[in-house]
Structures are given as structure tokens and as C-alpha cells.
2 protein chains.
Amino acid sequence: MTTSDRYLAFANSAVGSRLANALGLPRPVPLERMPCVDNTDAMADARAMPVSLAVVGGAGDAPLLPDLARELHRLGMPSLAHAERLDWISLANQAGTMSGRFNPSEGVRPKALLFDASAIASTDDLSTLYTFFHDTLACLDRCARVLVLGVPPTLASTPQASVAQRALEGFVRSLAKELKRGATAQLLYVSPQARASLHSTLRFFLSPRAAYVSGQAITLQAPVFEPPPIQDRRPLAGQVAVVTGAARGIGEAIATVLAHDGAHVVCVDIAAAQGPLDAVASRLEGSALTCDIAAPEAGAALLAHLAKQAPHGLDILVHNAGITRDKTLVRMSEAQWQSVLDINVGAPQRLNQALLDAGVLRANSRIVGVASISGIAGNRGQTNYAASKAAVIGMVEAWSPVLAERQISINAVAPGFIETQMTAAVPFAIREAGRRMNSLGQGGQPVDVAQAIAWLAHPASGALTGQVVRVCGQSLLGA
Amino acid sequence: MTTSDRYLAFANSAVGSRLANALGLPRPVPLERMPCVDNTDAMADARAMPVSLAVVGGAGDAPLLPDLARELHRLGMPSLAHAERLDWISLANQAGTMSGRFNPSEGVRPKALLFDASAIASTDDLSTLYTFFHDTLACLDRCARVLVLGVPPTLASTPQASVAQRALEGFVRSLAKELKRGATAQLLYVSPQARASLHSTLRFFLSPRAAYVSGQAITLQAPVFEPPPIQDRRPLAGQVAVVTGAARGIGEAIATVLAHDGAHVVCVDIAAAQGPLDAVASRLEGSALTCDIAAPEAGAALLAHLAKQAPHGLDILVHNAGITRDKTLVRMSEAQWQSVLDINVGAPQRLNQALLDAGVLRANSRIVGVASISGIAGNRGQTNYAASKAAVIGMVEAWSPVLAERQISINAVAPGFIETQMTAAVPFAIREAGRRMNSLGQGGQPVDVAQAIAWLAHPASGALTGQVVRVCGQSLLGA
């Protein structure tokens, strides 16, 4: 399913690493990630659990620390308290998880740094961030995770606090660019009403699932639906998911991960992909629907299929199918414009409407779109594609408040350079530039996009709606 | 005031342009820009006027066309109607400006393309954009301007319209990356209540003032103060502006442009810069205030100075002063953290508060901050600087609704690579990368930042508040 990054392999070989070092070449590390396996591999979840150490800090009252203690206990992750946050030890112990005092001279290699910045109320208070990370960063293990938790600037108690909370974004994005050896950093803006809904997000970021996500600012809002009892093994058991464009590439990976998590996956693709589509659906014990999503009858066809496969309604809808028809606008044909817009964003809007009107998308459903860095930053030769992917972002932004009233979430991922057959066909120099121009110095894998979608589609992710999460290794490109 | 970009000069020489062409090297063009001159050069404004041709198009009802006709008349800019928008001819004639029908085969070289996309109500309707730009782009003159006008997605009448309006952003950012020979493209989201407040924004973008701004999405909101009668010659006559860090570089350019526009400029800088500060203030017939803005007594010192120079209050406050102390966080000292945060964002917040409390910043005042691409995208070695500049963005976002109640606007510019003494000291390879990694293939000049600030500080810019405008030639870097 994935193409090979020969330079990554070379730079991590005995000879190659010495050569790369001597020449000052980039030395991307192989990321720890969950293998993209179907529901037959029972060990994959065990390998994905975060069993290593976290160091915890926080500013002021640090009101999220009790929530963090509860979640680290659920995840089975031991922790150490930074010297300025020794009250963490008793919080952790109360939650039933092991803790002690962090001492940098003891040679511990934490796998995570967690800092509750939500009580920071002025830019002066930001110095607590400096102290914590200055003390802890040098010890980090490879492929470690840095999470800074704040409060959404719009919900801060004063303008001064809002300014300081907004500052966290510049800090975390810079920190993510300083991290080495596969480590990543994110900012989680946690609304007060979202404190009970942290589980799925920490399960994602404190595991290899989030290997290729870095430098992101994510907001957890007042949940549009309440989390069910925690069930980390097969959290989607009994649920039905639709994935468009599921015959290969990223779509196949999405279907695989959702099936692994327990869902019955309805795999949708065009007639020309019938062979691989049937193979995927059969391997995943899901079902296949051959259907051109841009056709006027697509909604009815999907509804007819779901009437049999999902009589109780649909839980997850992933709009993955998409095409590119790259040309500069001057050379682009009207058909190239029209087909990209219609397949990438016309069809998803029509499918949403058909499923909403039929009551198939109902309370607790999750919709996930696939945007793109092009839709954020724009791209030469992609006026059509970038417009369609910006429209996917618009779909998330415009529909999230509307769907929240029906207790439905809508989010999107925005992939960067992902190693697929499509990128394997890109000329060498452009492919290499795309691969290296991000903080992790390598392309992502389809499974990285799939895991991010599985997180947004998790039944406990009701605090996530209206979000666009980049899966790009913190690409340099942006707006 | 500016450093030299020798490659730009070389690539535009007779030999160099042939060589660059043969080797496939970038060929940035010298941008048409206003010279950075003080109030003694009466011809500068005349040179900056947009006397060349615009081609106009629009989708559906195109409700902004009458407003565009009025403004093109005010700016003295003749126009042609696209074949699908021939109703423009009578609108333009009614407004008193010349117009005719655009015919690409006649060899006209329009200097501007203006498209009213505000009536686009679905992603299907976006094909009108394709038609207009497909027909017109190839004719564009050098250093031309593309403006797409939309309605803010949050104000669109339906979710479908909101999605389509959001798509414009991906389109315009891509188009800006396809334009050649110094041309730029922007998206203006015009709220219905802002239609009477388009003047200052079109005056900026349809002139050499906006030379280095491209790929931006700017929202014109319901104005926080009404525009005064139009006065394009010395629009700041009788007004008082404070510019911090005014002794050199970008600050000196800001002071110069504001003085050229008619303001009395209070030039503020530290004691170590006394000599150049006095020279600037004297040249601009403004006044000099030596003051460390981070000192506790800075607010009182500024108020005392203004009591003499601006007994009726302050009109414009530009927070330009800032420092960098670049180190990775592990190697950064606490003093390096603290000084950057305090000077770049602590001091501006304290000065705002002091001037607001004293009633010196009053109705119709404009505050402009200086953020940075680092504050948007983050930057390795700049956790302190990026946090401070993200905080400047936070200051704009948090304070704009609060200050709107007092009829005060607050905005920021975010410069990219600007040619100054500071960037001249950057090592060659990094400097060259910074210069070329944007759609215009070159660094900006201090005057480009200054002109953007003068636009935000224009007395008719009441529809602009809460905006962060990048002055970066559409740098590839972003979030």
C-alpha cells in the first residue's frame, strides 16, 4: 500500500547515517507507528498503547491536572512531576497511577511532556512554559509527544488571558520545529465543558497513531454528544462506517483502520475499481458498493445499500474520494475544473444532505472530510483542487454549528505529503522536496491519515467538531 | 534604508536574464512600488495612482458592482466589461467612469482584474470564476492586481453559500501562486455593511502601495467608525501618530509614510538610538521621544509627550518596536525569553491600556501591531519570538471586539522576509532561501510594510479591525 522512501532507509543504515552526518544531510528517523492491519491482528492495539513515561507540569492553578491524572491512569501511563509541580504526585496517586519526582540528572527518557497552560492569564505568566520545557526537552525519548493544554482564546476570562492563550500557538509551532528524532508537539485548547471528553484525544496523541501529526492547534469544544463508556479494544464494535474511494491508497487504509477498530465498513468506489474494491471489502469483512459518488443517483444507491447493511443508521461517514486534474488556470479546460469541484466537494455535500434527509445520519454520527494542504495554502496548477479542498474546510466550518444541533460532528483532516501510488508518480526532485519540507523530514503513510480519521470518528470524540487537522509532519507550507 | 538584492538586479540585466532563462533560475521582476519619500515629494502620490485598465466580472446578481463602479471612478481607473458581464458598462457609465467591452484579441494589457464573487451561492456556481479568469489572465500587465470580492462565509445566507465562499480562499491563494511578473491576488470578504467603506482598501490594493502583499484573505466588517469625506492627498493631515522603534529600518519607513500622508509623527525609540531618532523626527517635522517602552514609566512618559504634541488625543498608534533573541529553547536563557516577550507584547499591552485609560486613544483611533510569519507558522530557534508575535495576533483578536465598542480599530501586519540591516546580517544561503521562497521571488522593502500599516491606519479604514495581513509576497511558509 505504501511506496518506499529509500533515502530514509539509507540515512538510517550504518554507512548511510555516517555519510548523512558527515555531509550535513537531513536524518529523518523511522517513526513509531501502528502497522496498518485489519481485525485479524490482536496484538496491534497492545503495541499502540502508551506504556512509557510522561513528565507533567502546569501553570498556576492548572485546573486540567486532575483530568490528566484520570486519563493517564486509563491509558496505563506512569508519570513524573516537574519540580515546580510536585502536587501532581498526589493527584496521580489519587487517580491510581504511579508517579514520582522528575530529576533530569537521573537519565530518564520521558516519552511525553504534558503541560497544563490553561491557567496562564497574562503574557508574563508564559515564563512557566519556558521553565518547564527548558528543564525537560533535552531528556526526551525518540518519537516522543509534547502536549500543551490551554483554554480556547475566545473563552479566556479576560482579554489579557486571551492574548496569552493565543501566544501558546506560536510557542508550540516553534517547539515542534525544534524537536528531533521523530518527536511531535501539539496544542490542545480544552473548553471547560470538554474536560470529561479528553480520552479519545489523549489516546490518539499519546500513541503511535499520531506519528505524522505535529504543530497542530486543536480545540475541544462543549461536546455535541456525550462519550460512551470507555472501550479501547474495538471502540467501533457494532457500528457502521461508509468510506468513499476505499479501493486503494488512503481510502483502503481508512477502511482497514475503521474495520480494525470494530466497524462494519461499507467500501465505496467506482466501477473501474470493482476488483480491488471487492478484495478490500472481503478482507475487512465489510461490504462493497460500486457507485460513482458524483452521479445524481449516488445518494439513492447508498441509501438502498445502507437499508440492508445499517438498518439502525450510519455512525461514520468518511468523504475520502477525490481527484486531481492539475493545470494552470490559463491551460485548464472547463471539464477539468468542473469534475474536480463536483467529485471533491459537490458529491460530499449531496451525500450529506441525502443521508441527513433520510435520517440515516442521526445523533452521535460523525462525518469526516479529507481536505489538503493545497486547500489551506493554495498551490500552483491546482486552482480547481485547492478551491474544492478549501470548500471541504468550508463544509466543516459551515455545517458544524448546524449539525451540532442534531448531535452530529463534522471534521476534516488535511494531509500533506503522503506516500501513495499518486505521489510515487511525481517527478523525483519535486517528490524529494515534498518529502523533506516538514519537521519530520519524511512523507507520511496512508495509515497516518487513517488513524487521524479514526480519532475524529471515535465515539468518544464528541468534543471535536469544526476542526481541520493537518496530517503533514508539520509541513513548512501553509497560509 | 534598504539592502540590495544583487540577484534580482542580475536576473533583470541583459546578460543575466538570458542566463537565468537558460538555466531555469527564478526571474523575479522589480516590483512597481511607491518610493519611500517624506512629505517634500509632491509627485509620489501622482505616481501611485492607478491610472491603468481594469477588467471587471462577477457572478449572479454581483451586488458589489455598483460599489466597484463608484470606487473606480474615485480612483480614476478606466475599465472593461467581461463578455458575461456587459451590464458593467452602464454601471460604470452611470458612475461617470469610462468603460467598454473586453476583447482579449485586441491586445489590451489590463492592470487589474476585479471579480465580484459575493453572489456565488453553491460550489457549482464557482465555475463563473473559472470562465472569467481563464479568459483574462493571459492578458495581464506586469505588477497587475487580481481582486476577488466575496461575502464573509459566516455571513453567507445558507451553509451551501458559506461553503462556496470559503472555497474562494483556496482559489485565490492558488491563483496568486500562478501569477507571473510581479502580479498579486487577494480575496476581499466584504460584509454588506462595509460596502460604503471600500475606498481605502481599493486605494491600497489598486496601487503600487500593495506591491509585496499577495495571497491574502481580508475581511471588511461592519465599520467601527464611519469614513470621513474622501481626501486622497494627505489623508492624515491634522492627525497625530505614534510609531515605536522609529529610529531605523521598518519603523523609520512607517514614520516616513505616515508623515508623507500628512500626520505629525511622534517617533519613539531607546536612548541608544537618540542620534538617528532625532534625525528621523527632524526630517519628518515630527517629534522625538526617547523612551524604553518596556520600562514601567513608559506609559507616563508617552502621555506627558502627547499632552504637548496631541492635546486633542492620538489618532494612530503603531507598535513596531521589537527584538529577537534567537536560541533553541534548550539553550535559551530566561533573560532571553523574558526580554523578547516583554518588549514585543508586554509593552504594547501596557501602552494600549495607559492610553485608553487616559482617554488619549478615543473614537476613530487606529492601533496597528507588527506580528510576523514566525508568529503564524512558528520557527526553529524562536519559541520566544514566535510566542510574542502570536500574542500580537492574540492582542488583535481579543481586543478588536472590546475596542469596537469605543469605535477604535486594532489590526496587525505580519511581515515576511523584508530587506533590512537585520536580514542583511543573515548568512547568505538562509538569506537567499528566505528571499526566494515566496510567490514574488524576492524580499520585501520596509516601505511595503509601512504602506500596509498606512492603509490599516487610514481614517476611512473603519471596516478593518481584527485583521492580520501578511506582507510577505505570499511566502510559502505558514500554518
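Residues numbered from 1 in each chain as written. Chains lettered and ligands numbered in written order. Predicted model: local features only at pLDDT ≥ 70, side-chain atom pairs only at ≥ 80, totals over all residues. Heavy atoms only, no water.

### Describing the packing of aromatic side chains
What counts, and what does not: Between 30 and 60 degrees the pair is tilted, below 30 it is stacked and above 60 it is edge-to-face, where a pair is any two Phe, Tyr or Trp rings, Trp via its six-membered ring, whose centres lie within 6.5 Å. Strands here mean DSSP runs of E at least two residues long; helices mean DSSP runs of H or I at least four residues long; both are numbered from the N terminus. Relative accessible area decides the class of each residue, using a 1.4 Å probe on protein chains only: under 20% of the type maximum gives buried, over 50% gives exposed, and in between gives partly exposed.
Going through the model one piece at a time under the given rule, you end up with 20 aromatic pairs over all chains. Centre to centre, the rings of Trp337(A) and Phe171(B) are 5.7 Å apart; their planes meet at 80°, and the pair counts as edge-to-face. Note that Trp337(A) is positioned in helix 12 (residues 334–357) and Phe171(B) in helix 7 (residues 159–178), a pairing that runs across two chains. When sorted by exposure, Trp337(A) lands in the same class as Phe171(B), which is buried. Look at Phe205(B) and Trp455(B): their rings are 5.1 Å apart centre to centre, the planes differ by 70°, and that puts the pair in the edge-to-face class. You can see Phe205(B) sitting in helix 8 (residues 199–205) and its partner Trp455(B) sitting in helix 17 (residues 446–456), a full 250 residues away along the chain. Judged on exposure class, the residue Phe205(B) and its partner Trp455(B) are both buried.

### Focus: the state of the cysteines
By definition, a disulfide links two cysteine residues through a covalent bond between their sulfur atoms. All names here are of chain B. Definition in use: Note on disulfides: each one is a pair of cysteine sulfur atoms within 2.5 Å.
Inspection of every chain in the model, using the stated rule, returns zero disulfides over all chains. There is no disulfide at Cys472, and the cysteine sulfur nearest it, in Cys143, is 16 Å away. Residue Cys472 is classed as buried on the basis of its relative accessible area of 2%.

### Examining the nonpolar core
Put simply, the rule is: Nonpolar core, defined: a set of buried Ala, Val, Leu, Ile, Met, Phe, Trp, Tyr and Cys residues in which side-chain atoms within 4.5 Å join the residues together. In this description, contact between two residues means that some pair of their heavy atoms is separated by no more than 4.5 Å.
Within the largest apolar cluster, 78 residues are counted, with the highest numbers of intra-cluster contacts made by Leu306(A), Leu314(A), Leu329(A), Trp337(A), Leu129(B), Phe133(B) and Phe171(B). With 10 residues, helix 14 (residues 383–404) of chain A is the largest single contributor of residues to this core. Once residues within four sequence positions are removed from consideration, Leu329(A) is found in contact with Trp337(A), Thr383(A), Tyr130(B), Phe133(B), His134(B), Leu137(B), Phe171(B), Leu175(B) and Glu178(B).

### Brief notes about the sheet that holds strand 6 (residues 184–190) of chain B
Residues and elements named next belong to chain B. Convention followed: We call two strands paired when DSSP finds no fewer than two bridges between them. To obtain an axis, a line is fitted to C-alpha atoms, over the contacting stretch when the element is a helix, and the angle between two such axes runs from 0 to 180 degrees between their N-to-C directions.
Sheet architecture is open: seven strands sit in the order 3-2-1-4-5-6-7, paired in parallel fashion. Every interior strand has two partners, whereas the edge strands, strand 3 (99–101) and strand 7 (216–220), have only one. Here the average twist between neighbouring strands, direction ignored, is 25°. Here strand 6 runs beside strand 7; their pairing, made up of five bridges, is parallel.

### Some thoughts on the packing of helix 11 (residues 298–309) of chain B against helix 12 (residues 334–357) of chain B
Packed helices, taken two at a time, are described by the angle their axes make and the gap between the axes. Residue and element names in this part refer to chain B. Put simply, the test is: Orientation categories follow fixed angle ranges, with anything under 35 degrees roughly parallel, anything over 145 roughly antiparallel, 65 to 115 roughly perpendicular, and all other angles oblique. By convention the crossing between two helices is left-handed if the near helix lies anticlockwise of the far one by an angle smaller than a right angle, and right-handed if it lies clockwise. Classification convention: Asp, Glu, Lys, Arg as charged; Ala, Val, Leu, Ile, Met, Phe, Trp, Tyr, Cys, Pro as nonpolar; all other residues, Gly among them, as polar.
It is the contact of helix 11 with helix 12, at a shortest axis distance of 9 Å, that shows an interaxial angle of 45°. In terms of axis orientation, helix 11 runs oblique to helix 12. In this structure, helix 11 meets helix 12 at a crossing whose hand is right-handed. Of the residues in helix 12, those in contact with Ala298, Gly299, Leu302, Leu303 and Leu306 of helix 11 are Leu351, Ala354 and Leu355. Grouping the amino acids of the contact of helix 11 with helix 12 by side-chain chemistry returns seven nonpolar, one polar and no charged.

### A short note on the domain arrangement of chain A
Residue and element names in this part refer to chain A. Stated precisely, the cut-off is as follows: In this document the domain limits rely on a domain assignment from an automatic tool or a database. The term buried area means the drop in 1.4 Å probe accessible area that two parts suffer when joined, counted for both and summed.
As far as domains go, chain A holds domain 1 (1–25), domain 2 (50–206) and domain 3 (240–471). One C-alpha centre belongs to domain 2, the other to domain 3, and the line joining them spans 32 Å. Each partner contributes residues to the interface: domain 2 has 12 residues there, and domain 3 has 10 residues. Taking both partners together, domain 2 and domain 3 bury about 840 Å²; carbon and sulfur atoms supply 66% of that area.

### Digging into the side chain of Asn344(A)
All names here are of chain A. Just so we agree on the cut-off: Within 3.5 Å is the distance limit for a polar contact, defined as a pair of N or O atoms, with the added protein rule that one can donate a hydrogen and the other accept it, and that residues adjacent in sequence qualify only through two side-chain atoms.
Inspection of the secondary structure puts Asn344 in helix 12. For Asn344, a relative accessible area of 3% corresponds to the buried category. Among the polar contacts made by the side chain of Asn344, one reaches the side chain of Ser388 at a distance of 3.1 Å. In this view, Asn344 contacts Ala321, Gly322, Ile323, Tyr385, Ser388, Lys389 and Val392; residues no more than four positions away in its chain are not counted.

### A word on the interface of chain B and chain A
Convention followed: The term salt bridge refers to a pairing of a side-chain nitrogen on Lys or Arg with a carboxyl oxygen on Asp or Glu at a separation within 4 Å.
Counting residues at the interface gives 67 residues for chain B, matched by 67 residues for chain A. Here chain B packs against chain A, burying approximately 5200 Å² in sum over the two surfaces, 60% of which is carbon and sulfur. Among the residues chain B hides against chain A, the three largest losses belong to Tyr130(B), Glu178(B) and Leu329(B). Together they make up 13% of the total. On the surface where chain B and chain A come into contact, there are two salt bridges. The closest approach of N and O atoms between Arg166(B) and Glu397(A), which form a salt bridge, is 3.1 Å. The interface formed by chain B and chain A holds 31 residue pairs in polar contact (both at pLDDT 80 or more) in total.

### Quick look at the relation of the copies chain B and chain A
Heads up, the condition is: Overlaid copies result from least-squares superposition on C-alpha atoms, with residues included only where pLDDT is at least 70 in both.
By a simple turn and slide, chain B fits onto chain A: the slide is 0.0 Å along the axis, the RMSD is 0.0 Å, and the turn is 180°. As the rotation angle and translation indicate, the two copies are arranged about a two-fold axis. No C-alpha of chain B lies nearer the rotation axis than that of Gly478(B), which sits 1.8 Å from it. By residue overlap, the copies meet face to face through one surface: 100% of the interface positions of chain B are interface positions in chain A.

### Describing the environment of Thr420(A)
Residues and elements named next belong to chain A. With respect to the element layout, Thr420 can be found in the loop between strand 13 (409–415) and helix 15 (421–424). With a relative accessible area of 9%, Thr420 lands in the buried category. Put simply, Thr420 and Ile408 are 12 residues apart on the chain and 31 Å apart in space, counted from C-alpha to C-alpha.

### Points about the pairing of strand 12 (residues 361–370) of chain A
A regular strand places its side chains on the two faces of the sheet in alternate fashion. All names here are of chain A. Rule in force here: Look down the strands so they point away from you; if the path from the first strand over the helix to the second goes clockwise, the crossover is right-handed.
Among the 10 residues of strand 12, seven are classified as buried, and the element is accordingly described as predominantly covered. Handedness of the crossover is the feature at issue here: the chain leaves strand 11 (residues 314–319), passes through helix 12, returns alongside strand 12, and the resulting connection is right-handed. In the sheet, strand 12 pairs with strand 13 via five bridges, with the strands oriented parallel. Looking at the pairing, Arg366 lines up with Ser409 of strand 13.

### Let's talk about the packing of helix 7 (residues 159–178) of chain A against helix 12 of chain B
At a minimum axis distance of 13 Å, the contact between helix 7 of chain A and helix 12 of chain B shows a crossing angle of 150°. The angle between helix 7 of chain A and helix 12 of chain B falls in the class roughly antiparallel. The interaxial crossing formed by helix 7 of chain A with helix 12 of chain B has right-handed handedness. Counted together, Gln160(A), Val163(A) and Phe171(A) of helix 7 of chain A and Trp337(B), Val345(B), Gln349(B) and Gln353(B) of helix 12 of chain B form the full contact between these two elements. Broken down by class, the residue content of the contact of helix 7 of chain A with helix 12 of chain B amounts to four nonpolar, three polar and no charged.

### What to know about a positive patch on the surface
Keep this limit in mind: Like-charged residues are merged into a patch within 9 Å and nonpolar side chains (Val, Leu, Ile, Met, Phe, Trp, Tyr) within 5 Å, provided each residue has over 30% relative accessible area and no salt bridge. Per-residue accessibility takes into account occlusion by the displayed protein chains alone, with areas from the Shrake-Rupley method and a 1.4 Å probe. Positive charges are assigned to Lys and Arg, negative charges to Asp and Glu, while His and the chain termini are left out of the count. Charged groups are reduced to one reference atom each: NZ for lysine, CZ for arginine, CG for aspartic acid, CD for glutamic acid.
A contiguous patch of positive charge, built from Lys180(A), Lys327(B), Arg331(B) and Arg380(B), is present on the exposed surface. Looking at Lys327(B), the relative accessible area reads 37%, which means it is partly exposed.

### Describing the pattern of salt bridges
Summed over the entire model, instances satisfying the criterion amount to 36 salt bridges over all chains. Ionic pairing is found between Arg350(A) and Asp342(A), a salt bridge with its closest N-O pair at 3.1 Å. Between Glu432(B) and Arg435(B) there is a salt bridge, with its nearest N and O atoms 3.2 Å apart. With Glu432(B) and Arg435(B) both in helix 16 (residues 428–436) and three residues apart, the pair spans about one turn of that helix. Each member of the pair, Glu432(B) as well as Arg435(B), is classed as buried.

### Re the environment of Arg380(A)
When you line up the elements, Arg380(A) lands in the loop between helix 13 (373–377) and helix 14. Assessed through its relative accessible area of 46%, Arg380(A) is described here as partly exposed. For the pair Arg380(A) and Asn320(A), spaced 60 residues apart in sequence, the C-alpha to C-alpha distance is 23 Å. The residues touching Arg380(A), leaving out its near neighbours within four places in the chain, are Thr328(A), Ser174(B), Lys177(B), Glu178(B) and Lys180(B).

### Considering helix 17 (residues 446–456) of chain A
Across the 11 residues that make up helix 17 of chain A, a large majority, 11, are buried. Among the residues making up helix 17 of chain A, those that are buried are Pro446(A), Val447(A), Asp448(A), Val449(A), Ala450(A), Gln451(A), Ala452(A), Ile453(A), Ala454(A), Trp455(A) and Leu456(A).

### Overview of the sheet that holds strand 13 (residues 409–415) of chain B
Two modes of strand pairing occur in sheets, parallel and antiparallel, and in both the strands are linked by backbone hydrogen bonds. Residue and element names in this part refer to chain B. As summarised here, the arrangement of the seven strands in space is 10-9-8-11-12-13-14, forming an open sheet in which the pairing is parallel. Only two strands of the sheet have a single neighbouring strand rather than two, namely strand 10 (287–290) and strand 14 (468–471). Strand-to-strand twist across the sheet, computed as the mean angle between neighbouring axes with direction ignored, equals 20°. Against the sheet, helix 12 contacts strand 8 (240–244), strand 11 (314–319), strand 12 (361–370) and strand 13, and its axis sits at roughly 170° relative to strand 11.

### Remarks on helix 11 (residues 298–309) of chain A
Residue and element names in this part refer to chain A. Rules: Expected helix span is given by 1.5 Å per residue-to-residue step, counting one fewer step than there are residues. The arc in question is the one traced by the directions running from the helix axis out to the C-beta atoms.
With 12 residues, helix 11 should reach 16 Å at 1.5 Å per residue; the first-to-last C-alpha distance of 16 Å fits that figure. Taken together, the buried positions of helix 11 are Ala298, Gly299, Leu302, His305 and Leu306. For helix 11, the buried positions fall inside an angular range of 130° around the axis, keeping them on one side. Away from its buried face by more than 90 degrees, helix 11 exposes Ala300, Ala307 and Lys308. Check the buried side of helix 11 and you find it contacts strand 8 (240–244), strand 9 (264–269), strand 10 (287–290), strand 11 and helix 12.

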